[in-house]
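Read off the chains here:
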Amino acid sequence: MKYTNIIFIVLATVILTIGVKNNNAYAQNKTDYGTAWYIGTNPVAIPLGFSIKDEAKRFLPIAAGNEYGANVVGGYFFRPNQNIEGRLSLSNIHQVAFVGQFHLGTNYYFHKGKINNSKMGWYIGGFAKYWDFYNRQTDIHFHNISPYIGAGYTFSAKRFLLDLRINQTLAVYSWSSLEQTKGNAAWMFSPWPEFIPVIPTISLTISYKHKKSKAMNKHIFFDNLTASVGAMVAGKKKFFANSIQSPTFEEQVAAVELEFPKIAGEGVYEVRARTKAGDLDPAFCVAQWKGPDFPTIIYNHGNNERPFEFKKSAKNTFYNIFINTKDTIEANLIVVRAPFHNSSLKQYQDTMVDLSNFTAMIATSVKLNEELVKEIRKNSTAPVIITGISLGGWVTNIHRAIYNTSTAYAPLMAGTYLGELFIKSKYRKMASDIALHNPQEIRRVLNFDDDFNRRDTQNLFPLLSKYDQFIEYDIQKESYNGYPLKTIECGHVTGAINSSELRNHILSVLRSIDK
């Protein structure tokens, strides 16, 4: 087998599956193509799964896109003008042979303007196809992978799509289950190259479409997927599966005793905490110290992050916001590590089965933030900002509700109705049955809106994500009536990785209080 052929097949498959890269103008396009996902079939391919005349069976595949028998087509628009599409067909093609094939690729639509109800327009696409020709009598499989390109036109009529497409195969890589045989790659533009060197095929697809709406976008998709996968991984160790008995945050914070270390410049500082839930292991890192004349930002990380791992591969929003940037942050930077975040995911899940451990974790971080504020104020009169994302956002708001000693607070993707996260949002998939069956107790322990609303200092600069399925916008925005609320066009997952938006918000707070 020639190595050049192998390289060609690999490159062609990767390029065609990824598709044409959008430029910035298309990436920012708000075009509504009237559909988020669709499912359908190629009706011309269906008769090929039945007994029909040999002449028809020989030539009909050209009009069926080389698909055979029962088939299903499904797609999803991940950009306004680009989709990902999969095609599956399974069929007997005669008495001894069975063919199963799967196509995966993308289509790119050319329209820049809004599409009307009668059409979706022209497109080009790139796909990779795998098919298995199985001989049932000899029990031999003949496997094939082939990249191909396509171009077509999609009509839209109410809830249905009619797609007419021309496809051109480019090459094929084939191998079999026979022993002592090798695979081989070659250019292929026609199923009968000895007669006609290039033969494109035609495919017709009729699909049902689901209209796109605010309730169906990539931000929501990734949040829902994250919650579903997280629930599956957690298994029986979901949040509060063992107990929902816990003191309130105010009671937990009051009980925390810290052995606070002497700070001597930049570095990591471990802290010992005695709490109602036992001895815990918070810590903080002075990542940048410019001096007492500079403002200080205290950052609290999100759930299951590794805030002291300063590398691109780490799950670390602090690193992405403050360290991995060309911007110079004219401030002292301190990141707090919450208890239970210096161990494995399994160990973390083992502790979160008790609500009291969860509230003690947050309360300990709140108390550590307060000790840091006190320590900074011993030698500096410069502003202090407490901020944090998700879990760290709750820490930020609870610190304000109980202490309110920081110059400013910038909670990111958090509010005051923490109980709703586990009771009403999509994140409830991560909550145990005992928590879901006792919503009032969860709300009594975790919601702190009354304490928060007693503070009326104009030192609050929150940020929420419009499509957040965990920290739900319509619920949590009520926490911030009367305060300047920054809203970003993201979900929870996509918001957490939108480091530039988060950084810009925090720096805007820094500029506003440092005047």
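Quick note: structure is the one above.
Residues numbered from 1 in each chain as written. Predicted model: local features only at pLDDT ≥ 70, side-chain atom pairs only at ≥ 80, totals over all residues. Heavy atoms only, no water.

Caption draft 1: Examining the overall build of the protein chain more closely. Looking only at helices and strands, the protein chain features 16 helices and 21 strands. The burial tally for the protein chain puts 51% of its 515 residues in the buried class. Intrachain contacts of the protein chain at a sequence separation of at least 6 include 67% that bridge at least 24 residues. For the protein chain, the exposed surface amounts to about 24400 Å²; the carbon and sulfur share of it is 57%. (Helix = DSSP H or I, 4+ residues; strand = E, 2+ residues; numbered from the N terminus. Buried < 20%, exposed > 50% of the residue type's maximum accessible area, 1.4 Å probe, protein only. Contact = heavy atoms within 4.5 Å. Areas by Shrake-Rupley, 256 points an atom, 1.4 Å probe, with all protein chains shown as cover.)

Caption draft 2: Spotlight on the side chain of N167. Along the chain, the position of N167 falls in strand β7 (residues 160-169). At a separation of 3.3 Å, a polar atom in the side chain of N167 contacts the side chain of S203. Discounting residues that sit within four places of it in the chain, N167 has contacts with G65, Y148, I149, G150, P200, T201, I202 and S203. (Polar contact = N/O pair within 3.5 Å; in protein donor to acceptor, adjacent residues only side chain to side chain.)

Caption draft 3: Molecular detail of helix α8 (residues 355-377). Counted at 1.5 Å a residue, the expected span for α8 with its 23 residues is 33 Å, and the 34 Å between its end C-alpha atoms agrees. Among the 23 residues of α8, 18 are classified as buried, and the element is accordingly described as predominantly covered. (Expected span 1.5 Å × (residues − 1).)

Caption draft 4: Main features of the side chain of Q349. Here Q349 lies in helix α7 (residues 345-351). When near neighbours in sequence (up to four residues on either side) are disregarded, Q349 contacts V233, A234 and K237.

Caption draft 5: A look at the sheet that holds strand β13 (residues 272-275). An order of β11-β13-β14 is seen for the three strands of this open sheet, with the pairing classed as antiparallel. Bordering the open sheet on either side are β11 (257-259) and β14 (278-280), each of which pairs with just one other strand. In this sheet, adjacent strand axes meet at a mean angle of 20° when their direction is disregarded. Taken strand by strand, α8 contacts β11, β13 and β14, and its axis lies near 55° from that of β11. (Pairing = 2+ DSSP bridges. Axes fitted to C-alpha atoms, helices over the stretch in contact; angles between N-to-C directions.)

Caption draft 6: Highlighting empty space enclosed by the protein. Per the counting criterion, the structure on display carries one cavity of 30 Å³ or more. Quantified by volume, the largest cavity comes out at close to 100 Å³. In this structure, the largest cavity is lined by 14 residues; those nearest its centre are Y38, E85, Y109, T154 and D163. When residues in the lining of the largest cavity are grouped by element, the largest group, three residues, is from β7. Its residues assigned to classes, the lining of the largest cavity shows six nonpolar, five polar and three charged. (1 Å grid on protein atoms, 1.4 Å probe; cavity = no way out; pocket = protein on both sides within 12 Å on 5 of 7 lines; lining within 4 Å. Points joined across faces, edges and corners; volume = space filled by probe spheres on them. Nonpolar A, V, L, I, M, F, W, Y, C, P; charged D, E, K, R; others polar.)

Caption draft 7: Representation of the packing of aromatic side chains in the model. Per the stated rule, a full pass over the model turns up 34 aromatic pairs. A ring pair is formed by F260 and F284, whose centres lie 5.5 Å apart and whose planes are at 10°; its orientation type is stacked. Within this pair, whereas F260 is found in the loop between β11 and β12 (267-270), its partner F284 is found in strand β15 (residues 283-288), the two being separated by 24 residues in sequence. Residue F260 is classed as partly exposed on the basis of its relative accessible area, which comes to 23%. An aromatic cluster of at least three residues, connected via ring pairs, comprises F239, F240, F358, F422, Y427 and F470. Directly above the aromatic system of W131 lies the positively charged group of K129, at a separation of 4.6 Å from the ring centroid. Here the basic side chain of K290 rests over the ring of F294, its NZ or CZ set 5.7 Å away from the ring centre. (Phe/Tyr/Trp six-rings, centres within 6.5 Å; stacked < 30°, edge-to-face > 60°. Lys NZ or Arg CZ within 6 Å of the ring centre and 35° of its normal.)

Caption draft 8: Quick look at the packing of α8 against helix α12 (residues 439-446). The N-to-C vectors of α8 and α12 enclose an angle of 20°; their axes lie 11 Å apart at closest approach. The angle between α8 and α12 falls in the class roughly parallel. The way α8 lies across α12 gives a crossing that is right-handed. Contacts from L355, F358 and T359 in α8 reach I442, V445 and L446 in α12. In terms of residue class, the contact of α8 with α12 is made up of five nonpolar, one polar and no charged. (Parallel < 35°, antiparallel > 145°, perpendicular 65-115°, else oblique. Left-handed = near helix turned anticlockwise from the far one by under 90°.)

Caption draft 9: Region of the structure containing the pattern of salt bridges. The tally for this structure, following the rule as stated, stands at 18 salt bridges. Between K346 and D350 there is a salt bridge; the shortest N-O distance is 3.5 Å. Here K346 and its partner D350 are both found in helix α7, four residues apart, which amounts to about one turn of the helix. In this structure, E420 engages R443 in a salt bridge whose closest nitrogen and oxygen atoms are separated by 2.8 Å. You can see E420 sitting in helix α10 (residues 418-423) and its partner R443 sitting in helix α12, a full 23 residues away along the chain. Ionic contacts of the salt-bridge type, sharing partners, join the residues E67, E85, R87, D163 and R165 into one network. (Salt bridge = Lys/Arg side-chain N within 4 Å of Asp/Glu carboxyl O.)

Caption draft 10: Quick look at unusual backbone geometry. The backbone of D139 shows a phi angle near 60°, a positive value even though the residue is not glycine. Following the sequence through the fold, D139 ends up in the loop between β5 (119-135) and β6 (140-157). Although it is not a glycine, N404 sits at a positive phi angle of roughly 55°. Relative to the assigned elements, N404 resides in the loop between α9 (391-402) and β19 (408-412). When its relative accessible area of 17% is taken as the criterion, N404 is described as buried.

Caption draft 11: Broad picture of the environment of D474. Mapped onto the elements of the fold, D474 is located in helix α14 (residues 473-476). A C-alpha to C-alpha distance of 9.9 Å links D474 and L464, two positions 10 residues apart in sequence.

Caption draft 12: Representation of the nonpolar core in the model. Core analysis: the largest hydrophobic core is formed by 62 residues, its most contacted members being F240, F358, I362, F422 and L446. Ranked by residue count, the leading element in this core is α8, at 11 residues. Apart from residues lying up to four places away in sequence, F358 is in contact with F239, F240, M352, L418, F422 and L446. By size, the runner-up hydrophobic cluster in this structure holds 25 residues, among which are I329, A408, I506 and L507. (Core = buried A, V, L, I, M, F, W, Y, C linked by side-chain atoms within 4.5 Å.)

Caption draft 13: Region of the structure containing the pairing of strand β8 (residues 171-176). Two strands pair when backbone bridges link them, and β6 and β8 are joined in this way by four bridges, in the antiparallel orientation. Following the sheet pairing, H143 is matched in β8 by W175. Note: β8 against strand β9 (residues 184-187), four bridges, orientation antiparallel. Residue pairing for β9: Y173 is matched across the bridge by A185.

So far we have only geometry, and geometry alone does not tell us how the molecule works.
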